[in-house]
Amino acid sequence: MSSASSAPGKIILFGEHAVVYNRPALAVPVMQVHADVEISDSVRTGIWILAPDISLDAELSTLPPTDALRAVIERVFQTLGISPYPALEIKISSSIPVASGLGSGAAVSVALIRALAATLGQALSDSQVNTLTYEIERLHHGTPSGIDNTVITYAKPVYFVRGQPIETFHVGRPFTLVIGNTGVNAPTKESVGDVRKHWQADPAHWEQLFDRVAQIVRQARAAIETGDTVALGPLMDANHAILQTLTVSSVELDRLVDAAKSAGAAGAKLSGGGRGGNMIALVTPQRVDEVVRALHLAGAKSTIVTTIQ
Ligand code: PMV
């Protein structure tokens, strides 16, 4: 029994936070980074999890019941009706920066679920993988919209509306993004929780803000589908301005957004939960190097250049 599986990172292009309140959002997979899982028989009894990135070499039952990896493995066995557990060695590695809005947790879950099912010779549909991953996301993020697990499970551009069947969108003309990481670990649960408090305090006003985001998302989808990349930059700027009003930007994010714009990016915004994590900048191929340099000078800990097509 052995198998391997890999899942990409993801980035939200437009609509984060408002998506929790049933507005649409656009997100795409980022293939340059991925989570990889390899499973083989173990000579040791039990299920051994090796994740050198986080210095983990432990047997499943010694992990706290709330541990995300333990939860994934137990849920897969439960779903597939596997008992007693076989002796396995599970190797996990990931090049996706953690807690930065690139979906590292969901990518590990998706790769782990698929590798486990394959090892056990059982088939799980994409929809089952998606549902299982969402359940794990819920344990850690409180009220996730489900966008991360959907984009990562299907590895396609997604126009996401909470609770609705997956809808992909077409990219009329490829465009390039530079993703800049602030290096600040910011739990999505906290920014989502804070937005909820503001919304509860003044629902009418915050619903209006979410409506404006929804309008931007719909315009952005139309621009991407018709290949009107020129329209995208200002839409990113407008979405970032609303995210600032939603209180989820930060000094570090704003500094990277401003640096990218000054270096010639056509638009820039934070991406994901905010307060830290990543921002994205829309660049022409000629501007890539300049924007990457400017982001590093402004404090970015890492950058990824990705072409959406
Ligand atoms: O930080 P990320 O990339 O996991 O994204 C969070 C996106 C939010 O809209 C803020 C929350 C959600 O569950 O959709």
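Look up a bit, the structure's there.
Summarised in this report is the structure supplied together with it. (Residues numbered from 1 in each chain as written. Predicted model: local features only at pLDDT ≥ 70, side-chain atom pairs only at ≥ 80, totals over all residues. Heavy atoms only, no water.)

**Regarding the site of the ligand**
And then number 1: Around the ligand lies a shell of 15 residues, among which Lys10, His17, Ser145, Thr188 and Gly273 are the nearest.
And then number 2: Between the ligand and the protein, one listed contact pairs an oxygen atom with a backbone N or O atom of His17 at 2.8 Å.
And then number 3: Gly101 has a polar backbone atom sitting 3.2 Å from an oxygen atom of the ligand.
And then number 4: Protein chains shield 93% of the accessible area of the ligand, which is 380 Å² for the free molecule.
And then number 5: Elements that contribute at least two residues to the shell around the ligand include exactly strand 1 (2-14), helix 4 (147-154) and helix 5 (188-201).
And then number 6: Looking at the shell around the ligand residue by residue, the classes come out as 6 nonpolar, 6 polar and 3 charged. (Near = heavy atom within 4 Å. Polar contact = N/O pair within 3.5 Å; in protein donor to acceptor, adjacent residues only side chain to side chain. Areas by Shrake-Rupley, 256 points an atom, 1.4 Å probe, with all protein chains shown as cover. Helix = DSSP H or I, 4+ residues; strand = E, 2+ residues; numbered from the N terminus. Nonpolar A, V, L, I, M, F, W, Y, C, P; charged D, E, K, R; others polar.)

**Structural notes on the packing of helix 3 (residues 126-141) against helix 4**
And then number 1: Packing of helix 3 against helix 4 leaves a shortest axis separation of 9 Å and a crossing angle of 145°. At the point where helix 3 passes helix 4, the crossing takes the right-handed sense. Each of Asp126, Ser127, Val129, Asn130, Thr133, Tyr134 and Glu137 in helix 3 lies in contact with helix 4, whose residues at this interface are Asp148, Asn149, Thr150, Thr153 and Tyr154.
And then number 2: Partitioned by chemical class, the residues of the contact of helix 3 with helix 4 number 3 nonpolar, 6 polar and 3 charged. (Axes fitted to C-alpha atoms, helices over the stretch in contact; angles between N-to-C directions. Left-handed = near helix turned anticlockwise from the far one by under 90°. Contact = heavy atoms within 4.5 Å.)

**Focus: the pairing of strand 8 (residues 175-181)**
And then number 1: Within strand 8, 7 of the 7 residues are buried, leaving the element largely enclosed by the surrounding structure.
And then number 2: In strand 8, alternate side chains face the same way, and those of Phe175, Leu177, Ile179 and Asn181 on one face and Thr176, Val178 and Gly180 on the other are all buried. (Buried < 20%, exposed > 50% of the residue type's maximum accessible area, 1.4 Å probe, protein only.)

**Examining the packing of aromatic side chains**
And then number 1: For the structure shown, the criterion picks out 4 aromatic pairs.
And then number 2: Lying across the ring of Phe14, Lys269 places its NZ or CZ 6.0 Å from the centre. (Phe/Tyr/Trp six-rings, centres within 6.5 Å; stacked < 30°, edge-to-face > 60°. Lys NZ or Arg CZ within 6 Å of the ring centre and 35° of its normal.)

**Concerning helix 9 (residues 288-297)**
Three- or four-residue spacings in an α-helix give side chains the same orientation, since the helix completes a turn every 3.6 residues.
And then number 1: Within helix 9, the full set of buried residues consists of Val288, Val291, Val292, Ala294 and Leu295. Seen along its axis, helix 9 keeps its buried residues to an arc of 165°; they face one direction. Facing away from the buried surface of helix 9 by more than 90 degrees, the exposed residues are Asp289, Arg293 and Leu297.
And then number 2: Close packing links the buried residues of helix 9 with strand 8, helix 8 (251-262), strand 10 (278-283) and strand 11 (302-308).
And then number 3: Among the residues trailing helix 9, Gly299 stands out with phi positive, at a value near 110°. (Arc of directions from axis to C-beta.)

**So, the packing of helix 2 (residues 104-119) against helix 3**
In helix packing, the relevant descriptors are the interaxial angle and the interaxial distance, both defined with respect to the helix axes.
And then number 1: Where helix 2 contacts helix 3, the axes come no closer than 9 Å and their chain directions differ by 135°. Looking at the two axes, helix 2 sits oblique to helix 3. By crossing handedness, the relation of helix 2 to helix 3 is classed as right-handed. Every residue of helix 3 that contacts helix 2 at Gly105, Ala106, Ser109, Val110, Ile113 and Arg114 is listed here: Asp126, Val129, Leu132, Thr133, Ile136 and Glu137. (Parallel < 35°, antiparallel > 145°, perpendicular 65-115°, else oblique.)

**Section: the side chain of Arg23**
And then number 1: Inspection of the secondary structure puts Arg23 in the loop between strand 1 and strand 2 (25-41).
And then number 2: One polar contact links Arg23 to Glu207, side chain to side chain, over a distance of 2.6 Å.
And then number 3: Those residues within four positions of Arg23 in sequence are excluded, and the remaining contacts are Ala18, Phe160, Glu207, Phe210, Asp211 and Ala214.

**A word on the pairing of strand 5 (residues 88-94)**
And then number 1: When strand 2 meets strand 5, the two strands line up antiparallel, connected through 7 bridges. Bridged to Ala35 within strand 5 is Ser94.
And then number 2: Direction of pairing for strand 3 (residues 47-51) relative to strand 5: parallel, over a ladder of 4 bridges. Residue pairing across strands places Leu50 opposite Lys91, the latter belonging to strand 5. (Pairing = 2+ DSSP bridges.)

**Topic: the environment of Gln244**
And then number 1: Structurally, the position occupied by Gln244 is in helix 7 (residues 229-245).
And then number 2: A relative accessible area of 37% places Gln244 in the partly exposed class.
And then number 3: Expressed as a C-alpha distance, the spacing of Gln244 and Gly274, which sit 30 residues apart in the sequence, is 9.4 Å.
And then number 4: What Gln244 contacts, discounting residues up to four positions off in sequence, is Ser249 and Asp254.
And then number 5: For Gln244, the side chain forms a polar contact with the side chain of Asp254, separated by 3.1 Å.

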